[in-house]
Structure formats: structure tokens, C-alpha cells
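Coordinate inspection notes
Here's the letter readout for the chains.
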Amino acid sequence: LSSLPARRAVASGLFSALNARGRFATPVLTYRSMTLQDFQASVDLSGRILELSGASFRAGGGHGAGRARLDLTASPAIISGEVTVAGLKMQALASRLPGALHKSRGLISGTARFETRGLSRSEMSANLKATGSARLERIALGEFDPLQALARYTCWGGLTPSHSEVTMRAADISFDVRERKVSVVNQPIQVEGARLTLSGNWEFNGPLELDVSADLRRITRSWMAGGSQEAATSRLATVHLAGPFDQITVRSGGTAAQARR
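A quick note: this is a predicted structure, and the numbers were derived from the prediction, not measured. (Residues numbered from 1 in each chain as written. Predicted model: local features only at pLDDT ≥ 70, side-chain atom pairs only at ≥ 80, totals over all residues. Heavy atoms only, no water.)

Moving on, we come to the pattern of salt bridges. Tallied over the entire structure, the rule returns 13 salt bridges. Where Asp71 meets Arg69, a salt bridge forms, and the shortest distance between an N and an O atom there is 3.9 Å. On the basis of relative accessible area, Asp71 is assigned to the buried category, the value being 12%. The class of Arg69 is partly exposed, set by a relative accessible area of 33%. In this structure, a network of salt bridges that share partners links the residues Arg67, Glu82 and Arg113. (Salt bridge = Lys/Arg side-chain N within 4 Å of Asp/Glu carboxyl O. Buried < 20%, exposed > 50% of the residue type's maximum accessible area, 1.4 Å probe, protein only.)

Along the chain, His240 turns up in strand 12 (residues 236–243). At 2.9 Å, the side chain of His240 and the side chain of Asp211 are in polar contact. (Helix = DSSP H or I, 4+ residues; strand = E, 2+ residues; numbered from the N terminus. Polar contact = N/O pair within 3.5 Å; in protein donor to acceptor, adjacent residues only side chain to side chain.)

Note that the residue after Ser75, namely Pro76, is joined by a cis bond; omega there is 0°. At Arg180, a residue that is not glycine, the phi angle is positive and equals roughly 60°. Looking at the secondary structure, you find Arg180 in the loop between strand 8 (167–178) and strand 9 (181–191). Even without being a glycine, Asn205 presents a positive backbone phi close to 55°. Position of Asn205 relative to the elements: it lies in the loop between strand 10 (194–203) and strand 11 (208–215).

Dropping the structure here:
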């Protein structure tokens, strides 16, 4: 597809005259760092519009389905569609997360609808708009203890160490993609009785800007001595995470909303 702009006249003539319908299948389909296995889809090409329907594939230990439409009658071309994944193993993505989360485990399912323009990677990335939701299940956070980290950064004292990995039974997160950023707004997560609310964004291959509002008044673990008396009575605070995944900095107070503006 990326070669079409350089051969636009030839491509225009080819697609305006070609009508085809069939089934496409390949054992491995790779795009940059994304690999889909056992990809299959029905294909319909007519009037310079290419449609993929009934697509199915395997990825990251889970499976997926989707549909897509490529409209070459517009300039630049319009690509739209929907994709659903179920049972994706978090281990398949853990290497892209901060170091403390490299040993995290769990399952991810979700769905997203998208639209973009252009045929080159830079065009598609810049024009991408999407909305979707993800469900996280049976998440174990490996070497990371978010509640202990929050207690430390908010001067609430310490928590008794967890006897095992900190886990999260389930969480549903809605997200939005536009202007090369993935954004979440007021998304709640429950962890060991604590309520965390996430708001912020992550720029493609760039920095994270995230506010984490924490309510640790009903946490199931015991508090240890330390911290100010005022902090101990409230257990409510917001911390701000910023920077690339391998160099995230944490500070008190929320600024991700201002960063989005």
C-alpha cells in the first residue's frame, strides 16, 4: 500500500478496472512489531473500494476478529474498521512496559473502532482516530507494588509488605486515540480495596502524562507507623506520572489535564 502514492496513476487505473472477490489467508502477517498468526479474511474489491470482512487471527496467546474498509476513491485514501481481541496475554506486552512491570501477567480483551487517512505509516499515524474499551482480568503486577509506591510518594507512611504479588481481579478501561495520543479520562481501578482513578495520555512512542487519584481509606493491608497525622486521616491524594516508560518521574499533584490542554 505504501508504494501506491509513487505509482498513483498506475494504481488508479488498476483499481478502477479491477473487481475481485475471494478469501485471503496467511500463516503469519507482520507489520512493524505486530505479528498476527493464522490470519484469514473475506476480500471484496469493487469500484476502488477494498473491504475485508470476517477477519480472524491469533496474537499474543489470544484470538481476534475484525473488519476493515479501504476507500481509494478519496484522496488521501480512507481506512476504517473495527477489531476485537480476547484472551491476549499481558506477558506478550510486558517488555514494552516500565521495568518493574516486566514480570506482570494477566489477560486483556477489548474492542476498538478506528478511522484514518493516507497509505504511508506517517499519514496513518497522524490521522488516526479511534475509540475503544479494554478489560483486564487476573492481573498480577510482578515486582511492582503500586499501593506501597503511592504511600511513599504521598508521605502517608508505609504499608505492610504484600505476602505475594499485588493482583487486580478485573478492570474496564475506555480510551480514545487522536493526534497521535492514547487518552483515558476518569477511569477507575480497584486494587486490594484501594480505588485509583486514571486520567491522562500517552503519546505514540513518546512520554506518558498521567494523573493517578488515590483513595486508600479502605485498603485491606495494614498501615505501618510514619507519615503526617493530616495525611493519615485523609488517605486521598493525586500523583502525576510523566516521561518515557523507562524514565517515568512521579510527583504530587495532578497536571495531566493541563498537559492535554
